[in-house]
Amino acid sequence: MGLDSHLQKLDSASENDLQAFDEAAGKPARATTASMQSLLAQYFESQAFDNRHFEPNTVHALSDPQSETRAIKPEDLIETLHVSEAAFVPLTPAAQPPKIESPKAEPLPHSPSSLIAQADWSASARELIDSLMKETERLNAQVEQLTLQLQAAQGQADNDVLTPTLNRRAFLREVHRCMADCRRYGEEACLIFLDMDGFKSINDSYGHAAGDAALIYVAETLNNSVREGDSVGRMGGDEFAILLRHADLKSSRIKAMKLEAELMMGTFEHAGLYLKAGGSFGVRAYAAQASAEAWVSEADAAMFLAKKASR
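These numbers come from a predicted model, not from an experiment.

## Here's the deal with the environment of phenylalanine 240
- Tracing the chain through its elements places phenylalanine 240 in strand S5 (residues 239-245).
- The buried category is assigned to phenylalanine 240, whose relative accessible area is 0%.
- As for phenylalanine 240 and leucine 222, which are separated by 18 residues in sequence, their C-alpha atoms are 9.0 Å apart.

Structure, rendered in structure tokens:
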């Protein structure tokens, strides 16, 4: 008898016994824990397993998909185990599998270090690499030289050709930037316009070299009197302008008066002679002018009125 037949008989016998128990008690078919244990004990006593199919010291196993049991003797099992143990022989140290190491990072084939390190290249290849590296160094030096020349050209484009001041174009650019800051941040700023007095007489009496020396002297005096962030420009001929940032009209007028007094008391040296160069000043504060040229023109007009009043 197979295991499936025993299970079927167990299910059918349990149902019959439970129905008989419930009918005798006159109650609905309901089983308690105690009744179930009693019925199962009676069933296993009456339906004992056949000893012919389950002999002592015998291991039972399924031999085919139909779940038929076959007996395996302990001697056969031991012999099988001996064969299995002989099949698994531990590996000796020499037979151990090799360790897998992660690949090392190699330099890029076209990197400068790899190009220099290739000692097994042919002579023509190494000569080509050397020529390319020399050409690269030459081009880098040329780029650096051109950069310096560009910076010098930009400086020459912004600076006056004679005096250490900005030229008219660069000065108007600074005035335009200042006007933008005044509109955006509500800052104050003023322009001082200067026209030299007696410049024509210096040129006529001592020559143009003396006139150039007078222009340089006035420019240096103006540069030494302004703060960092202020700008001084030569507007043309003997006319100069000063841009004073963060300055109101009162302080700018005081600055103009000090500069006028300094030029009147000071002298410059030319050909062993000490000459004087004065000037007239006009001051104009920022008042939302339409353009930088318009602001400079207003300061020029203020200077003209101051010169006319002093005569």
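## Examining helix H8 (residues 208-225)
- Taking 1.5 Å of rise per residue, the 18 residues of H8 would be expected to cover 26 Å, and the 26 Å separating its terminal C-alpha atoms lies within 8% of that figure.
- Those residues of H8 that sit buried are Ala210, Gly211, Ala214, Leu215, Tyr217, Val218, Ala219, Thr221, Leu222 and Ser225.

## Some points on the side chain of asparagine 203
- Topologically, asparagine 203 is positioned in helix H7 (residues 199-206).
- Apart from residues no more than four positions distant in its own chain, asparagine 203 is found in contact with His208 and Gly211.

## What about the packing of helix H6 (residues 168-185) against helix H10 (residues 292-310)?
- Taken N-terminus to C-terminus, the directions of H6 and H10 make an angle of 105 degrees; their axes are 9 Å apart at the nearest point. On the basis of their axis angle, the class for H6 and H10 is roughly perpendicular. Here Leu172, Val175, His176 and Met179 of H6 lie close against H10, whose contacting residues are Ala292, Glu293, Trp295 and Val296.
- A class-by-class count of the residues in the contact of H6 with H10 yields six nonpolar, one polar and one charged.

## Details of the sheet that holds strand S4 (residues 231-236)
- Taken together, the four strands give an open sheet; going across it, the order is S4-S5-S3-S8, and neighbouring strands pair in antiparallel fashion. Since the sheet does not close on itself, it has two edges, and those belong to S4 and strand S8 (278-285), each with one partner. Averaged over neighbouring strand pairs, the angle between their axes works out to 25 degrees when direction is ignored.
- Pairing analysis gives eight bridges linking strand S3 (residues 189-197) to S8, with the strands arranged antiparallel. Note that in S8 the partner of methionine 196 across the bridge is glycine 279.

Definitions and cut-offs
- Residues numbered from 1 in each chain as written.
- Predicted model: local features only at pLDDT ≥ 70, side-chain atom pairs only at ≥ 80, totals over all residues.
- Heavy atoms only, no water.
- Helix = DSSP H or I, 4+ residues; strand = E, 2+ residues; numbered from the N terminus.
- Buried < 20%, exposed > 50% of the residue type's maximum accessible area, 1.4 Å probe, protein only.
- Expected span 1.5 Å × (residues − 1).
- Contact = heavy atoms within 4.5 Å.
- Axes fitted to C-alpha atoms, helices over the stretch in contact; angles between N-to-C directions.
- Parallel < 35°, antiparallel > 145°, perpendicular 65-115°, else oblique.
- Nonpolar A, V, L, I, M, F, W, Y, C, P; charged D, E, K, R; others polar.
- Pairing = 2+ DSSP bridges.

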